[in-house]
Amino acid sequence: MGWLTKILKGSSHKIAEGQYIGKYDDERIWEGPSTVVDPWPDSDHEDIDRAIALSLAEEDQKDQAIALSLAEEDQKDQAIALPLPEEDQKGKKVLDDESHLEEDEQLAKALQESLNMDSPPRYDHGSLFPPYPYLYPSGYRICTGCNAEIGHGRFLSCLGGVWHPECFRCHDCNLPISDYEFSVSNNRPFHKSCYKERHHPKCDVCNNFIPTNAAGLIEYRAHPFWSQKYCPSHEHDGTPRCCSCERMEARDTRYLLLDDGRKLCLECLDSAIMDTHECQPLYLEIQEFYEGLNMKVEQQIPLLLVERQALNEAMEGEKNGHHHMPETRGLCLSEEQTVSTIIRRPRIGANYRIVDMFTEPLRLVRRCEVTAILILYSLPRLLTGSILAHEMMHAWLRLKGYPNLSPDVEEGICQVLAHMWLESEIMAGSSSTTVASTSSSPSSSSSSSSPVPTSSKKGKRSDFEKKLGEFFIHQIKSDTSAAYGDGFREGNKAVDKYGLRSTLDHIRLTGTFPC
């Protein structure tokens, strides 16, 4: 091959490599190889052609030998490559080329970027599409508060939904709830402090939240009529309670402190009867009430308003009668005694204390079966009237010669009369405006039914006084004692069924209520 080499070296062909000119998507220009014209004669070309032909024949033989060798090598490679799929089935992954690796790396990079960004990134390559796709999560979270997508930011999961932190707000103050704990009412969230302010009961006395007991439960006391709630501790810490309406006095509230230690709220003081002379008009009303029932009391029985000490002393000197403990507020006397009575309204000082009491002793002489009726002073008009109606019934029974009755029968029928008077007063108060307008009408007839008795209290009766009358009726109906409570309910049932007169006749004959 040396001659061929020399010949080839003598050749003057020069080949230039092609060049790629341009960038990206611009026009591409290919520059072909440059040539130089050869000055050799044709005979020389023939010799050269023969030499090339011989050389090519030798090269073909060598190529065939190499091809046979390569075929043998391929068979060996196939034999080696056969076990590879078995390894793949065991969990190994075969990558054909490096392009797959690069593609996976790009996808992982795009996923990481999407998780760290709140919105799709913008690209400055002048194209509508990013080089890598922006990946959203598989499921979208919708805020229960604003109904907007939450995205990849912080969120709260509670009350069966997901929320933006700023959308989870207290139903009371409308501020976001950032506390770890919160309260729920009617499936609405509250700050614990807002819920306590809105739903936790407050004491009507101290105006503080009613504390929980040792078991963690809210425990309080409640008045059965006034619906007043207060802390249990106020029953033992000296908190004043009105001796008339029985309500606990709220802190910083003024009340009248009586000389016998009783407390009277200012609302009850407004209609309170304070001395014997002031009570006489009410006494006449009660007598008229009995006359309306055909139960007129013929004898003139003294009525005295007294202090609690004088009432207790008279009760000790009385041989007969039943007393409503723990405190007696009225008494029908049958024995001769000397009683200290209040002759003039006491004076109230600047700090709401009784400063002057005007009393005088009065000797009671027995002229009949009843010597006097004593009533505790400073009670509201309706309560004083109901006590007076009760004691008047005791007097009526004794004056009419009724035998000694059992406590439940005598006290029961007396409570029935007190209840009847209270109901008549409440009805009169509620219909006083209608009665006044009817009586002033020129078309009204003089033969109409008897007029409804009106209150002796000057001026219009207040709403509280009406409520107070309802409370006194509630007291009679809900009394739990055997004589005053059970006796009233049995006697009232008999009066409703047979009437007052028939019930009284049955009591005179048998000493019991009719069944």
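Residues numbered from 1 in each chain as written. Predicted model: local features only at pLDDT ≥ 70, side-chain atom pairs only at ≥ 80, totals over all residues. Heavy atoms only, no water.

**Looking at the overall build of the protein**
For the protein, the count of helices and strands is 14 helices and 17 strands. Every one of the 515 residues in the protein was classed for burial, and the buried ones make up 34%. If you take every contact in the protein between residues at least 6 apart in sequence, the share linking residues at least 24 apart comes to 55%. Accessible area of the protein: about 33100 Å², with a carbon and sulfur share of 51%. (Helix = DSSP H or I, 4+ residues; strand = E, 2+ residues; numbered from the N terminus. Buried < 20%, exposed > 50% of the residue type's maximum accessible area, 1.4 Å probe, protein only. Contact = heavy atoms within 4.5 Å. Areas by Shrake-Rupley, 256 points an atom, 1.4 Å probe, with all protein chains shown as cover.)

**What about the side chain of R262?**
Position of R262 among the secondary structure elements: in the loop between β9 (255-257) and β10 (263-265). Within the structure, the side chain of R262 is placed 2.9 Å from the side chain of D260, a separation counted as a polar contact. Here the side chain of R262 touches Y377 through a polar contact of 3.3 Å, landing on its backbone oxygen. Residues contacting R262, with those up to four places away along its chain left out, are C243, L256, L257, R308, E327, L376, Y377, S378 and L379. (Polar contact = N/O pair within 3.5 Å; in protein donor to acceptor, adjacent residues only side chain to side chain.)

**Here's the deal with the confidence of the model for the protein**
Here the protein shows a mean pLDDT of 75. Residues at 70 or above account for 65%. Mean pLDDT in the protein bottoms out at strand β1 (residues 20-21), which sits at 30, and peaks at strand β17 (residues 379-380), which reaches 97. For the stretch residues 433-459, pLDDT sits under 50, and the model shows 16 contacts to residues farther than four places along the chain or on other chains. (pLDDT = per-residue confidence, 0-100.)

**A closer look at the pairing of strand β15 (residues 354-363)**
Direction of pairing for strand β14 (residues 338-348) relative to β15: antiparallel, over a ladder of eight bridges. Counterpart to S340 in the pairing with β15 is P361. Turn length for the β14-β15 hairpin, with the two strands adjacent in sequence and antiparallel, is five residues, and the turn residue Y352 shows positive phi of about 60°. (Pairing = 2+ DSSP bridges.)

**Concerning the packing of helix α9 (residues 381-399) against helix α12 (residues 463-478)**
Following both chains from N to C, one finds α9 and α12 inclined at 35°, their axes separated by 9 Å at the closest point. Where α9 crosses over α12, the handedness of that crossing is right-handed. For the pair α9 and α12, the contacting residues are R381, L382 and L383 in the first and E465, G469 and F472 in the second. Residue composition of the contact of α9 with α12, grouped by class: three nonpolar, one polar and two charged. (Axes fitted to C-alpha atoms, helices over the stretch in contact; angles between N-to-C directions. Left-handed = near helix turned anticlockwise from the far one by under 90°. Nonpolar A, V, L, I, M, F, W, Y, C, P; charged D, E, K, R; others polar.)

**Comments concerning the packing of helix α13 (residues 482-498) against helix α14 (residues 500-510)**
Here α13 crosses α14 at 120°, and the two axes come no closer than 7 Å. In terms of their interaxial angle, α13 and α14 are classed as oblique. Where α13 approaches α14, its residues A494, V495 and Y498 are matched on the opposing element by L500, S502 and T503. Taken together, the residues that form the contact of α13 with α14 break down as four nonpolar, two polar and no charged. (Parallel < 35°, antiparallel > 145°, perpendicular 65-115°, else oblique.)

**Concerning the sheet that holds strand β13 (residues 330-333)**
Spatially, three strands are ordered β12-β16-β13 in an open sheet, and the strand pairing comes out mixed. Two strands close off the open sheet at either side, each with one partner strand: β12 (303-306) and β13. Between one strand axis and the next, the sheet turns through 20° on average, direction left out of account. Note: β13 against strand β16 (residues 372-376), four bridges, orientation antiparallel. When the sheet's bridge partners are listed, C332 is paired in β16 with I373. Packing against the sheet, helix α8 (residues 308-317) makes contact with β12, β13 and β16, and its axis sits at approximately 40° to β13.

**With respect to unusual backbone geometry**
For L159, which is not glycine, the phi dihedral falls at a positive 55°. In this structure L159 comes out as partly exposed when scored by relative accessible area, which is 31%. Positive phi values are uncommon outside glycine, yet S378 reaches one of about 70°. Along the chain, S378 falls in the loop between β16 and β17.

**Notes on the pattern of salt bridges**
Working definition: two side chains of opposite charge can pair if their charged atoms are close together. If you walk through the whole model with that rule in mind, you get 15 salt bridges. The closest approach of N and O atoms between E470 and K467, which form a salt bridge, is 4.0 Å. Placement of the pair is E470 and K467 together in helix α12, with a separation of three residues, close to one helical turn. By relative accessible area, which is 36% here, E470 ends up partly exposed. In this structure K467 comes out as partly exposed when scored by relative accessible area, which is 36%. Three or more residues joined by partner-sharing salt bridges are found here, namely E219, R221 and E235. (Salt bridge = Lys/Arg side-chain N within 4 Å of Asp/Glu carboxyl O.)

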